[in-house]
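# Architecture at a glance
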Amino acid sequence: MSKSLLEQLPEIVAKGKQEAERILESLEGRHRIGLQTREWVLPAKDAAVQDWIRSAERESHTKVPEGTQRAGAGETAIDGMPWANRLIYGDNLLAMAALLAGDEQTPSLRGKIDLIYIDPPFDSKADYRTKVVLPGVELEQKPTVIEQFAYSDTWSDGTASYLAMITPRLILMRELLAETGSIYVHLDWHVGHYVKLVLDEIWGRDNFKREVIWNRGNPSGGKAAAQNWIHSHDVIFFYGKTSEPKFSKIYEPYTDEYIAERFTNDDLDGKGRYRLQGSGDQLRKQYLSESKGKAATSVWQVPDINVMAKERIDYATQKPEKLLERIVQASCPENGLIADFFGGSGTTAAVAEKLGRRWITTDLGKPACMVMRKRLIDQNAQPFLYQAIGDYQVEAAKASLGRGFRIGDLSQIVLSLYGALPLPPEENANRNLGKLVAGGSKTLVLADSPNKLTGAATLKKAVALRDTLMGGWDKVVVLGWNFEPGIGESIAAMNDVRLEVLVIPPDLLDRLKKKGGLEKLRGQVRFASLQYLTLHPIERRKVGAGETVTVRLANYVLLSPEAINLDEANRAKLQAVANREPLALIEYWAVDPDYDGQVFRSVWQDYRGNTENDGDPLRVVTQARLTLPVKNGPRRVCVRAVDVFGFEAEVVATVEAAA
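All values reported here derive from a predicted model rather than from experimental measurement.

### What about helix α14 (residues 456-468)?
Side chains three or four residues apart in an α-helix point the same way, a direct result of the helix having 3.6 residues per turn. The end-to-end C-alpha separation of α14 is 18 Å, in line with the 18 Å expected for 13 residues at 1.5 Å each. Of all the residues in α14, the buried ones are Thr458, Leu459, Ala462, Val463, Leu465 and Arg466. All buried residues of α14 lie within an arc of 160 degrees about the axis, which places them on one face of the element. Facing away from the buried surface of α14 by more than 90 degrees, the exposed residues are Ala457, Lys460 and Thr468. Those residues of α14 hidden inside the fold are in contact with β16 (433-438), β17 (441-447), β18 (453-454), β19 (475-480), α15 (487-494) and β21 (499-503).

What follows is the structure, encoded as structure tokens:
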């Protein structure tokens, strides 16, 4: 007889604690999960950006641009280091581990976060699909396998799998929270009661402060639910790290109905002032002007986002800003630090930015990270870091294959799924070479390491092996996880028809774990061709005391549509757009006119939905003209583009001095 969920709960919590302890122990050892800074995003369009370009901080990517938020006026943020807000792409379990470990830009955040708000999926079995609107076409993209495995409402063991996912994450959140900090966990009826038991176990029943009911109104717009009560509320569990978290009382303004109801009879207080029950318009106004309002209760009447609301961004699980404003104002001091590890539409970061709080937000979905980045740019946020989990595949391999795995083990799996047989050990010391023999043609296959960038050096090595190893081969295929920014240019420069470069699916190991073994996954993995961006020649011209740099997009080639999670009908629509208007696939692009080869700093950007430049919400502008201080000698210009599916492409060009 199978155990009930309540009977499984102690075992689920125990395993979650073990997983969290393993991660915490690894932080004390030699291996640390790191964060790779992918981009400095500078939304501001004023002179501060130009001042920053001129500044000496340009010399070091570990320093923070001028204007970036700090812990207080003139103060440093954490352990003597300036603060930078962060948007992190990747599994939040690994992101939290990296924040606990610290890095060169920010020391460990253990015990430093004032407020955590999370709005995890609700185990509702919903199949959230991303709608992608292109000129003349609307596509539906299913969640990627990596999103489904980690967070999506499609866990194989239902609620038990959900609790196994959330438990170690809640433990790491407790490590990050300050002693006076608070956590708000936003759920609904599907799983809320079970998570409450886990929260009591991890945070302590004495530290449970309140169950908040968010009455969001009737989401069906007044339509009656069939044979049931209309569902109109969520629950938010509020816990402190200790029994006395920081808290500021929140007051709600008196409504007209409340005033009309209460101000009916004379009732002087001991100071000669009317109480809430009183008469006389003048005295009523005087009293109300001196009052903060009515103290908020645990039932919050905050309307859900209206279809016409200005803040609406058509994200399936978007929460209203007023809901987050109340939480932030109650439980995070001014300039305090807020974290949201299920970032979604970015409401937490957007509200923190508006209210002058520092923030960290993470999400595993590329569409979510793009939505958040655009939203923050659109509200002219302070400069922030866009980061990703370093060595994600290595960490995933440890989870799938055990802590004792070797890179060669991973290469063997990749080669096998591609259909290649391993070469003999004497010719294959790193266990990353395989062969395909078909129709009289011999193909050498090289599976590159996940903890390095595949670039020109790897391609040259692969071609040399093709021509010399074991008497030579007809062709060589390089399978890579991560690529150098200029990989497209490197491939074009080699101009070798007997060289092919393919992308290993980034969610390969998650799929392997979910399927339960190599054999069950065989034949289901697609290795895609690289996406790449091309530019027209970049122009530099002297204008007065400065110079202009003009960048024009030429073409964008999408990652093989076969690798995108679409059904056949949607894939055909996508291919038609890609053939007809490839630049319409670009969601966002940015320019760094002085790229240092390490960290991309976007001082100009455009994105779909930004209609200031062209009035077209479905296309980006294809030309950027930057006005910059004169620079003697060449400029190294980097252009980065992100397509509607979240895939990135980059071009780096050296442009000689302006005429």
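### Here's the deal with the sheet that holds β17
Spatial ordering of the open sheet is given by β15-β16-β17-β19-β21-β22, a layout of six strands whose pairing is mixed. Only two strands of the sheet have a single neighbouring strand rather than two, namely β15 (421-422) and β22 (528-529). Pairing analysis gives five bridges linking β17 to β19, with the strands arranged parallel. Pairing of Leu446 across the sheet is with Val478, part of β19.

### Concerning the packing of helix α3 (residues 92-101) against helix α5 (residues 159-176)
Interaxial distance between α3 and α5 falls to 10 Å at its minimum, and their mutual angle equals 25 degrees. When the axes of α3 and α5 are compared, the pair comes out roughly parallel. Helix-helix and strand crossings are classified by hand; for α3 and α5 the assignment is left-handed. For the pair α3 and α5, the contacting residues are Asn92, Leu93, Met96, Ala97, Leu99 and Leu100 in the first and Pro168, Arg169, Leu172, Met173, Glu175 and Leu176 in the second. A class-by-class count of the residues in the contact of α3 with α5 yields nine nonpolar, one polar and two charged.

### Considering the confidence of the model for the chain
Of the residues in the chain, 78% have a pLDDT of 70 or more, and the chain-wide mean is 81. Here residues 124-128 is modelled with pLDDT under 50, and outside its nearest four sequence neighbours on either side it reaches 11 contacts, counting other chains as well. Within the model, pLDDT remains below 50 along residues 145-154, and this stretch shows 40 contacts once partners closer than five positions in the same chain are excluded.

### A short note on the environment of Gln318
Locating Gln318 in the fold gives a position in the loop between β11 (299-301) and α9 (321-331). By relative accessible area, which is 8% here, Gln318 ends up buried. Considered as a pair, Gln318 and Asp119 are 199 residues apart in the sequence and their alpha carbons are 9.6 Å apart. At 2.8 Å, the side chain of Gln318 forms a polar contact with the backbone oxygen of Glu311.

Criteria and thresholds
Residues numbered from 1 in each chain as written. Predicted model: local features only at pLDDT ≥ 70, side-chain atom pairs only at ≥ 80, totals over all residues. Heavy atoms only, no water. Helix = DSSP H or I, 4+ residues; strand = E, 2+ residues; numbered from the N terminus. Expected span 1.5 Å × (residues − 1). Buried < 20%, exposed > 50% of the residue type's maximum accessible area, 1.4 Å probe, protein only. Arc of directions from axis to C-beta. Contact = heavy atoms within 4.5 Å. Pairing = 2+ DSSP bridges. Axes fitted to C-alpha atoms, helices over the stretch in contact; angles between N-to-C directions. Parallel < 35°, antiparallel > 145°, perpendicular 65-115°, else oblique. Left-handed = near helix turned anticlockwise from the far one by under 90°. Nonpolar A, V, L, I, M, F, W, Y, C, P; charged D, E, K, R; others polar. pLDDT = per-residue confidence, 0-100. Polar contact = N/O pair within 3.5 Å; in protein donor to acceptor, adjacent residues only side chain to side chain.

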